[in-house]
Amino acid sequence: MMEATAALSFQSCSLIGGEKRGRKSWEILRFSPGLGEERRIQAVNLRQSKLRTCSVRAKGHESKICCSCKKSWAGELSNLHSSVDEALILKRKSEEVLPELNGQCIYLVGMMGSGKSTIGRILSEALGYSFFDSDKLVEEAVGMSSVTDIFKEHSEAFFRDSESKVLRDLSSMCRLVVATGGGAVIRPINWKYMKQGITVWLDVPLEALAKRIAADGTASRPLLPQEPGDPYTEALARLSALSKERGEDYANADARVCLQNIADKQGHGDVSILTPTAIAVEALVKIDSFLTVDVPASQSTLPRVKG
Ligand SMILES: Nc1ncnc2c1ncn2[C@@H]1O[C@H](COP(=O)(O)OP(=O)(O)O)[C@@H](O)[C@H]1O
Ligand SMILES: O=C(O)C1=C[C@@H](OP(=O)(O)O)[C@@H](O)[C@H](O)C1
């Protein structure tokens, strides 16, 4: 009872001013346990990237609430790791973004190994969307079990044509999260298909990509050197060349999730400790910003919404 009263007081206190009307922006994360007179509440505002902690002191029938506000919740995430259930934040943020998406698909783009499949699965589950990996769809369409075999037995151009057909077919559907192949961005026609939905670039430092790929092996990635040698150094060299060729292409995406920026905001700068769930939350934050940005009346168009 005390907790419910405190939560209501917290939500209705003046802290809420200045945000979108009619939408709950502050999420109560936790009450301190214990049965004492004073309790602490942590709440996060995903829209404004803020974390607040309140002490609630019971005085008769009233609750006195003292609040402190931290500038950036992203900057607090390392602390939150131990104290806050990331899954709850993901759930709350996806509930907030879902109505704004209005069924539009999400296309994840980024270099190979950037986490498109990993983050895509998490996003699809959180949003109740279906997940597709475009490489897998190409394999099914061609009737071969790996992209590497398609490159070997046919050609890269054949693979790219099949990839474009897959993206064309997906573009008429809704409520999907699609992990695209790392090279899907190089063909302008693919952008036409992907822009039927929201495109999100997972921007991961090359060193982190090379580490992941060296750990996974390059067998499933035909554009990377397959010869013996130091896998990290070889992957890094090839990824650097591909990234130079494609840098501008990825930047066409509607939203950019830059892992280095997240890690810097958290104050440690280490992208390797960012969890896939935290990255998925950041993707939703960026999608939300893209969808809710004020469009001047002169430039407004009908919403890009399907069925
Ligand atoms: N945030 C992360 N931190 C550490 N490893 C990750 C992260 N996201 C993905 N990985 C790992 O990196 C590798 C490539 O991820 P994947 O999702 O297959 O990338 P993509 O689909 O972009 O090629 C996998 O081994 C995966 O487990
Ligand atoms: O970057 C690329 O050109 C490619 C990336 C691969 O997908 P992932 O990004 O899922 O590894 C796959 O489509 C193919 O090997 C080509």
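Every value quoted in this text rests on a predicted model; they were computed, and no experiment measured them.

**Q** I keep staring at the pattern of salt bridges and nothing clicks. Help me out?
**A** Side chains that differ in sign of charge can pair as their charged atoms come close. Taken as a whole, this structure holds twelve salt bridges when the rule is applied. Its salt-bridge partner being Lys-93, residue Glu-96 comes within 3.2 Å of it at the nearest N-O pair. Of this pair, Glu-96 and Lys-93 are both found in helix α3 (residues 86-101), three residues apart, which corresponds to roughly one turn of the helix. A salt bridge links Lys-195 to Asp-254, with the shortest nitrogen-to-oxygen separation between them at 2.8 Å. Taken together, the positions of Lys-195 in the loop between α8 (188-194) and β8 (198-203) and Asp-254 in the loop between α10 (231-250) and β9 (255-258) put the pair 59 residues apart, joining distant regions of the chain. Taken together, the salt bridges that share partners define one network made up of Lys-91, Arg-92 and Glu-95.

**Q** Sorry if this is basic, but what is going on with the site of ligand 2 here?
**A** Around ligand 2, the structure places 13 residues, and the nearest of them are Lys-116, Asp-135, Arg-160, Gly-182 and Arg-246. The contact in question runs from an oxygen atom of ligand 2 to an N or O atom on the side chain of Asp-135, over 2.7 Å. Side-chain polar atom of Arg-246 to an oxygen atom of ligand 2: 2.7 Å apart, as the coordinates give it. Taking 390 Å² as the accessible area of ligand 2 by itself, protein coverage stands at 95%. Taken together, the residues of the shell around ligand 2 break down into five nonpolar, three polar and five charged.

**Q** Explain unusual backbone geometry here, please?
**A** Working note: non-glycine residues mostly have negative phi, and peptide bonds are mostly trans. Although it is not a glycine, Asn-102 adopts a positive phi angle of roughly 50°. Turning to its location among the elements, Asn-102 is positioned in the loop between α3 and β5 (106-109). At Arg-175, a residue that is not glycine, the phi angle is positive and equals roughly 55°. In this fold, Arg-175 is placed in the loop between α7 (156-170) and β7 (176-179). The exposure class of Arg-175 is partly exposed, given its relative accessible area of 40%.

Cut-offs used in this document
Residues numbered from 1 in each chain as written. Chains lettered and ligands numbered in written order. Predicted model: local features only at pLDDT ≥ 70, side-chain atom pairs only at ≥ 80, totals over all residues. Heavy atoms only, no water. Salt bridge = Lys/Arg side-chain N within 4 Å of Asp/Glu carboxyl O. Helix = DSSP H or I, 4+ residues; strand = E, 2+ residues; numbered from the N terminus. Near = heavy atom within 4 Å. Polar contact = N/O pair within 3.5 Å; in protein donor to acceptor, adjacent residues only side chain to side chain. Areas by Shrake-Rupley, 256 points an atom, 1.4 Å probe, with all protein chains shown as cover. Nonpolar A, V, L, I, M, F, W, Y, C, P; charged D, E, K, R; others polar. Buried < 20%, exposed > 50% of the residue type's maximum accessible area, 1.4 Å probe, protein only.

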